[in-house]
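Here are the chains, one letter per residue:
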Amino acid sequence: MGRTHAFRWHGLAVIKIGSAVLAPEGAADAAAFARLAEGVAAARGMGWGVVLVSSGAVACGFRALGLDRPPKTIARKQAAAAIGQPALMGLWSAALGAHRCAAAQVLLTADDLDARARFLNARRTLGELLGAGLVPVVNENDSVSFDEIKLGDNDRLSALVAGLVSAQLLLVLSSVDGVYEHGDARRVIARLGSAREAAAHVRPDKTATGVGGMGTKLEAASIASAWGIATVIARGTRAGVIPAVLRGEPVGTRVEPAARPRRARERWLMASARARGVVTIDDGARRAITERGASLLPAGVVGVSGDFARGAVVQVADAAGAAVARGVSAYSADELRRIKGLRAAQLPGALGHAAYCDEAIHRDDMALQAAARGS
Ligand code: GLU
């Protein structure tokens, strides 16, 4: 191994900056980059390592395609991102460089977070960059991932990155001050015990250039919370917003981390971007899983959708379709269809060979959905 890392940060913050902050009129605003880079430098001066999750690739690129507004078709978005991503990095490098911080580009797809080995690899890369004192600037690898492997929005990506690097804080900078009380822009909710508490206050609020609304920000907060990470949602154009939040000043809306953060394997299961299928269970199985911490047995399975192999991550849903858990299936989709509803003694007959195990999804390979786990 190489030399020991020069930088040991007191804390790690993942700061997600939306297109609406960086490119408010659909064109990159160099002053916004400069202001935010100053905030990043201030954070580092306070002992915080910073990972940026920056949107804006499409916004920085579409004009070079001869378009006068952001494209709608997937192919054009991909092309715009391919043009805009290096421009976006150029802006960050210049803005951070003015504070003697070096930027490093990390482009991720949902697949990178899906496979355990790649997840760990991405974690190592980010750790290496932070240890060397750089500012990783993460974005979704849009030019190759605007299809079924797409994560969707950078709010979710930022929460997964926060989990990946075990950050203490996820700061989501957007074009609003935070979560407004019953949608009233004069009253920002300072603190929420969980993202679910916000549900009553939120209505769709997408901006013209932003991708996600408050809903996706709260989803990000909910993912971060399950990992034991606090989220602050604040206005990105506010002067000095980054150091103010890190000093603990009451800026924006803070969503508290869950009291019982998840274990490492559960975190990976929840972070896994794509479930390969859905296993529907009966009510007895749902109660056994959520109330008694039991494994899922084939007897409790009532339906299987999708085509997956043994060892795939699947979604477990109740009869009404509500998500109960995610887990690693011990059987393939075809096998599960053959053994659903059966008792252990009946499995070899239905399979035509000995059963691999009694459980369809072992408890140790399962993570309950936040709603089912009461946090
Ligand atoms: N990755 C997209 C971009 O850089 C933005 C996605 C988002 O903002 O959620 O243009």
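Here, the structure is the one placed above.
The text that follows walks through the structure, step by step, so that each part is easy to find. (Residues numbered from 1 in each chain as written. Predicted model: local features only at pLDDT ≥ 70, side-chain atom pairs only at ≥ 80, totals over all residues. Heavy atoms only, no water.)

A closer look at the nonpolar core
Okay, so step 1: Formed by 49 residues in total, the largest nonpolar core has its most connected members in Val14, Val138, Val161, Leu170 and Val179.
Okay, so step 2: At the level of secondary structure, the elements contributing two or more residues to this core comprise β1 (11-17), β2 (48-54), β3 (103-108), α6 (116-131), α8 (154-164), β5 (169-174), α9 (214-226) and α11 (264-271).
Okay, so step 3: In terms of residues, this core owes the most to one element, α9, which gives 7 residues.
Okay, so step 4: Beyond its immediate stretch of four places on either side in the chain, Leu170 contacts Val14, Ser158, Ala159, Ala162, Ala220, Ala224, Ile229, Ala230, Thr231 and Val232.
Okay, so step 5: The next biggest cluster of nonpolar side chains, apart from the first, holds 39 residues, and it includes Val21, Ala37, Phe62 and Val135. (Core = buried A, V, L, I, M, F, W, Y, C linked by side-chain atoms within 4.5 Å. Buried < 20%, exposed > 50% of the residue type's maximum accessible area, 1.4 Å probe, protein only. Helix = DSSP H or I, 4+ residues; strand = E, 2+ residues; numbered from the N terminus. Contact = heavy atoms within 4.5 Å.)

Quick notes on the pairing of strand β4 (residues 135-140)
Okay, so step 1: Burial analysis of β4 places 6 of its 6 residues in the buried class, which makes it a mostly covered element.
Okay, so step 2: Residues Val135, Val137 and Asn139 of β4 are buried on one face, and the alternating residues Pro136, Val138 and Glu140, pointing to the opposite face, are buried as well.
Okay, so step 3: Here 2 bridges tie β2 to β4, and the two strands are oriented parallel to one another. Note that in β4 the partner of Leu52 across the bridge is Val137.
Okay, so step 4: Of the pairings in the sheet, the one linking β3 to β4 comprises 6 bridges and is parallel in character. In the strand pairing of β4, Leu108 is matched with Glu140. (Pairing = 2+ DSSP bridges.)

A short note on the packing of aromatic side chains
Okay, so step 1: If you walk through the whole model with that rule in mind, you get 3 aromatic pairs.
Okay, so step 2: On the basis of an interplanar angle of 20° and a centroid distance of 5.2 Å, the ring pair of Phe7 and Trp9 is categorised as stacked. (Phe/Tyr/Trp six-rings, centres within 6.5 Å; stacked < 30°, edge-to-face > 60°.)

Describing the sheet that holds strand β12 (residues 301-306)
Okay, so step 1: Taken together, 5 strands build an open sheet; the order of strands is β12-β11-β13-β14-β15 and the sheet is mixed. Pairing within the sheet leaves two strands with one partner each, and these edge strands are β12 and β15 (366-368). Sheet twist, expressed as the mean angle between neighbouring strand axes with direction ignored, is 25°.
Okay, so step 2: Judged from the 3 bridges that link them, strand β11 (residues 277-281) and strand β13 (residues 313-317) form a sheet pairing that is parallel. Paired with Val278 across the bridge in β13 is Gln315.
Okay, so step 3: On the sheet, helix α12 (residues 283-292) packs against β11, β14 (323-328) and β15 and is oriented at approximately 100° with respect to β11. (Axes fitted to C-alpha atoms, helices over the stretch in contact; angles between N-to-C directions.)

A look at the pattern of salt bridges
Okay, so step 1: Tallied over the full model, the rule gives 12 salt bridges.
Okay, so step 2: As a salt-bridge pair, Arg191 and Glu256 come within 3.1 Å of each other at their nearest N and O atoms. One end of the pair, Arg191, is in strand β8 (residues 191-192); the other, Glu256, is in the loop between β10 (253-255) and α11, and 65 residues separate them in sequence.
Okay, so step 3: The partner of Arg287 in a salt bridge is Asp283, and the shortest N-O contact between them spans 2.9 Å. Taken as a pair, Arg287 and Asp283 lie in helix α12 at a separation of 4 residues, close to a single helical turn.
Okay, so step 4: For Arg287, a relative accessible area of 37% puts it in the partly exposed group.
Okay, so step 5: Relative accessible area serves as the criterion here: at 40%, Asp283 is assigned to the partly exposed category. (Salt bridge = Lys/Arg side-chain N within 4 Å of Asp/Glu carboxyl O.)

Quick notes on the packing of α8 against α9
Okay, so step 1: Relative orientation of the contacting elements α8 and α9 amounts to 15°, with a least axis distance of 8 Å. Here α8 lies roughly parallel to α9, going by the angle between them. The crossing of α8 and α9 is right-handed. Each of Asp155, Arg156, Ala159 and Leu160 in α8 lies in contact with α9, whose residues at this interface are Thr216, Lys217, Glu219, Ala220, Ile223 and Ala224.
Okay, so step 2: For the contact of α8 with α9, the residue count by class is 5 nonpolar, 1 polar and 4 charged. (Parallel < 35°, antiparallel > 145°, perpendicular 65-115°, else oblique. Left-handed = near helix turned anticlockwise from the far one by under 90°. Nonpolar A, V, L, I, M, F, W, Y, C, P; charged D, E, K, R; others polar.)

A closer look at unusual backbone geometry
It is generally the case that most residues other than glycine have a negative phi and that most peptide bonds are trans.
Okay, so step 1: Positive phi values are uncommon outside glycine, yet Arg100 reaches one of about 55°.
Okay, so step 2: In this structure, His182 takes a positive phi of about 50° despite not being glycine.
Okay, so step 3: Mapping His182 onto the fold places it in the loop between β6 (180-181) and β7 (184-188).
Okay, so step 4: Using a relative accessible area of 57% as the deciding quantity, one classes His182 as exposed.

Some thoughts on the sheet that holds strand β9 (residues 230-235)
Okay, so step 1: On the basis of which strands lie adjacent, the open sheet formed by 8 strands has the order β3-β4-β2-β1-β5-β9-β10-β8 and mixed pairing. Of all the strands in the sheet, the pair left with one neighbour each is β3 and β8.
Okay, so step 2: Against the sheet, α9 engages β5, β9 and β10, with an angle of about 155° to β9.

Considerations on α8
Okay, so step 1: Among the 11 residues that make up α8, 11 are buried, leaving the element largely enclosed by the rest of the structure.
Okay, so step 2: Within the span of α8, buried status applies to Asn154, Asp155, Arg156, Leu157, Ser158, Ala159, Leu160, Val161, Ala162, Gly163 and Leu164.
Okay, so step 3: Between the side-chain oxygen at the start of α8 and the backbone nitrogen of Asp155 there is a gap of 3.0 Å, and the oxygen is on Asp153.
Okay, so step 4: Of the residues flanking the end of α8, it is Ser166, one or two places downstream, whose phi is positive at about 55°. (Polar contact = N/O pair within 3.5 Å; in protein donor to acceptor, adjacent residues only side chain to side chain.)

Function-wise, these values are silent; they only describe arrangement.
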